[in-house]
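# Understanding the architecture of this molecule
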Amino acid sequence: MHLSLGHDSRCRGNYRGRFAPSPTGALHLGSLVAALGSYLDARANQGEWLLRIEDVDQARTVPGASDAILHALERLGFEWTGAVVVQSQRLDLYRAALERLQLAGEVYPCSCSRREIAARSLVPALDGGRIYPGTCRAGGALPQRPTAWRLRVADCEIAFDDRVHGRLRQNLARAVGDFVVLRADAQFAYQLAVVVDDAEQGVTAVVRGADLLDSTPRQIWLQRKLALATPSYAHLPVVTDMAGEKLSKQTRAAAIDPTQGSTLLAAALRYLGYSVPEEIRHGPTRDFWHWATAAWSIAHVPAARCLPVGLSLAPVTGNTDQDANQIIARPAQ
């Protein structure tokens with residue numbers, strides 16, 4: 001594959017969305033909510049929906065998880081356009097983007113450890129770490145130590161319109177500082193990989209979880225530095241456990257049971273502001289998809305960053321709460 005950096009690679013006039021799970025475990029309710037929102041938005045806009053496995057962080061990849069995710073989506077009736085893209089097979093694309101940034105002087109090597117950054121910076125970053133103090137910005141990296149590559153940011157505001165949360169602004173220098181695009185262990189950072197992938201695949205609309213909302217300005221900054229188009233963004237509520245932690249393998253999130261079909265899909269859709277009629281909840285999945293596609297509007301999605309599992313903002317009837325509880329009863333393997 002070839003990435004035409006510096007050109008708009010989108011299919012103009014066409015909607016192209018995507019779902020990009022990380023294969024760190026089985027598909028859980030939180031991931032299903034993100035998949036459902038992105039899929040319905042693509043279908044309602046007569047667009048394409050792509051599937052991408054984001055395994056660029058090989059240390060977190062669980063063998064067999066990708067196949068399990070694909071099987072669950074297929075069993076539930078999701079249909080995607082073209083072949084499934086796998087990040088670990090696209091390293092040349094990320095390398096080409098990094099080289100372009102290097103040639104333009106937009107990035108620099110950094111040998112600072114997390115401990116050193118924490119000792120030199122007292123300002124917390126938006127991503128949970130510390131704002132990088134710029135130690136190596138002027139060429140202070142130590143050649144005998146492993147080096148990362150950081151992208152320079154400016155003391156300016158990045159603003160964008162999120163289709164769920166409205167107008168958002170972030171000053172990168174004050175929120176995160178110069179950020180890593182190639183880690184010291186030679187692994188490409190998520191921020192670089194996702195920007196390159198979206199551009200190369202012609203993605204025009206990104207619909208994903210709100211846990212990535214604060215990453216969006218970094219991605220827009222990277223798009224500008226690589227002269228790539230910026231897609232539209234919509235960030236959906238993240239499903240959390242009762243302790244407020246995002247559902248994940250680390251929090252022992254329950255694996256979904258795709259044999260539950262429409263009951264499962266209807267319970268997931270509640271987190272996006274919809275109450276599904278009882279006859280649809282307990283009918284064939286093809287009837288669910290027909291109803292949900294016709295009913296879908298991004299305006300119904302609650303502008304919340306997270307929703308606890310078992311909670312919904314949509315009115316309910318029948319045994320919907322019982323259905324949702326059954327979905328999360330089985331711990332992930």
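Quantities reported herein were computed from a predicted structural model and do not represent experimental measurements. (Residues numbered from 1 in each chain as written. Predicted model: local features only at pLDDT ≥ 70, side-chain atom pairs only at ≥ 80, totals over all residues. Heavy atoms only, no water.)

## Concerning the packing of helix H3 (residues 91-103) against helix H6 (residues 190-200)
- Running from amino to carboxyl end, H3 crosses H6 at an angle of 105°, the nearest separation of the two axes being 10 Å. The angle between H3 and H6 falls in the class roughly perpendicular. Every residue of H6 that contacts H3 at Leu93, Tyr94, Ala97, Leu98 and Leu101 is listed here: Leu192, Ala193, Val196, Asp197 and Glu200.
- When grouped by side-chain class, the residues that make up the contact of H3 with H6 number eight nonpolar, no polar and two charged. (Axes fitted to C-alpha atoms, helices over the stretch in contact; angles between N-to-C directions. Helix = DSSP H or I, 4+ residues; strand = E, 2+ residues; numbered from the N terminus. Parallel < 35°, antiparallel > 145°, perpendicular 65-115°, else oblique. Contact = heavy atoms within 4.5 Å. Nonpolar A, V, L, I, M, F, W, Y, C, P; charged D, E, K, R; others polar.)

## A short note on the sheet that holds strand S3 (residues 85-86)
- The strand order across the open sheet built from three strands is S1-S2-S3, with neighbouring strands paired in parallel fashion. The open sheet has two free edges, formed respectively by strand S1 (16-19) and S3, since each of these has just one partner strand.
- Here strand S2 (residues 48-53) pairs with S3 via two bridges, running parallel. Within S3, the residue paired with Arg52 across the bridge is Val85. (Pairing = 2+ DSSP bridges.)

## With respect to the nonpolar core
- One finds Leu36, Phe78, Leu269 and Phe288 to be the most contacted residues of the largest nonpolar core, which totals 46 residues.
- Of all the secondary structure elements, the ones that give two or more residues to this core are helix H1 (29-44), S2, helix H2 (65-75), strand S9 (205-209), strand S10 (232-236), helix H8 (261-269) and helix H10 (285-295).
- Per-element tally for this core: the top contributor is H1, with nine residues.
- Every residue in contact with Leu269, bar those within four places of it in the chain, is listed here: Leu36, Leu40, Tyr274, Val276, Phe288, Trp291, Ala292 and Trp296. (Core = buried A, V, L, I, M, F, W, Y, C linked by side-chain atoms within 4.5 Å. Buried < 20%, exposed > 50% of the residue type's maximum accessible area, 1.4 Å probe, protein only.)

## A few points about the confidence of the model for the chain
- Model confidence for the chain is summarised by a mean pLDDT of 86, while 85% of its residues fall at 70 or above.
- Predicted confidence for residues 1-12 stays below pLDDT 50, and this span has 34 contacts to residues more than four positions away or in other chains.
- For the stretch residues 312-333, pLDDT sits under 50, and the model shows 49 contacts to residues farther than four places along the chain or on other chains. (pLDDT = per-residue confidence, 0-100.)

## Notes on the packing of H8 against H10
- Remark: H8 packs on H10, axes separated minimally by 8 Å, with the N-to-C direction vectors making an angle of 25°. As far as their axial angle goes, H10 and H8 are roughly parallel. In the crossing of H8 with H10, the sense of the turn from one axis to the other is right-handed. Counted together, Gly261, Ser262, Leu265, Ala266 and Leu269 of H8 and Thr285, Phe288, Trp289, Trp291 and Ala292 of H10 form the full contact between these two elements. (Left-handed = near helix turned anticlockwise from the far one by under 90°.)

## Regarding helix H7 (residues 216-225)
- Buried residues dominate H7, accounting for eight of its 10 residues.
- Residues Thr216, Pro217, Arg218, Gln219, Ile220, Trp221, Leu222 and Gln223 constitute the buried set of H7.
- Positive backbone phi, approximately 55°, marks Ala227, located one or two places after H7.

## Brief notes about the side chain of Arg208
- The residue Arg208 is located in strand S9 in this model.
- No salt bridge is formed by the buried Arg208; its nearest oppositely charged neighbour, Asp198, is found at 5.3 Å.
- A polar atom in the side chain of Arg208 sits 3.0 Å from the side chain of Thr216.
- Apart from residues no more than four positions distant in its own chain, Arg208 is found in contact with Arg18, Tyr190, Val194, Thr216, Gln219, Tyr233, Ala234, His235 and Leu236. (Lys, Arg positive; Asp, Glu negative; His and termini not counted. Salt bridge = Lys/Arg side-chain N within 4 Å of Asp/Glu carboxyl O. Polar contact = N/O pair within 3.5 Å; in protein donor to acceptor, adjacent residues only side chain to side chain.)

## Topic: the sheet that holds strand S4 (residues 107-110)
- An order of S4-S5-S8 is seen for the three strands of this open sheet, with the pairing classed as antiparallel. Among the strands making up the open sheet, the edge pair consists of S4 and strand S8 (179-182). Each strand axis lies, on average, 45° off the axis of its neighbour in the sheet, ignoring direction.
- Sheet topology note: the strand S5 (residues 148-151)/S8 ladder contains three bridges and is antiparallel. Looking at S8, one finds that Arg150 is bridged to Val180.

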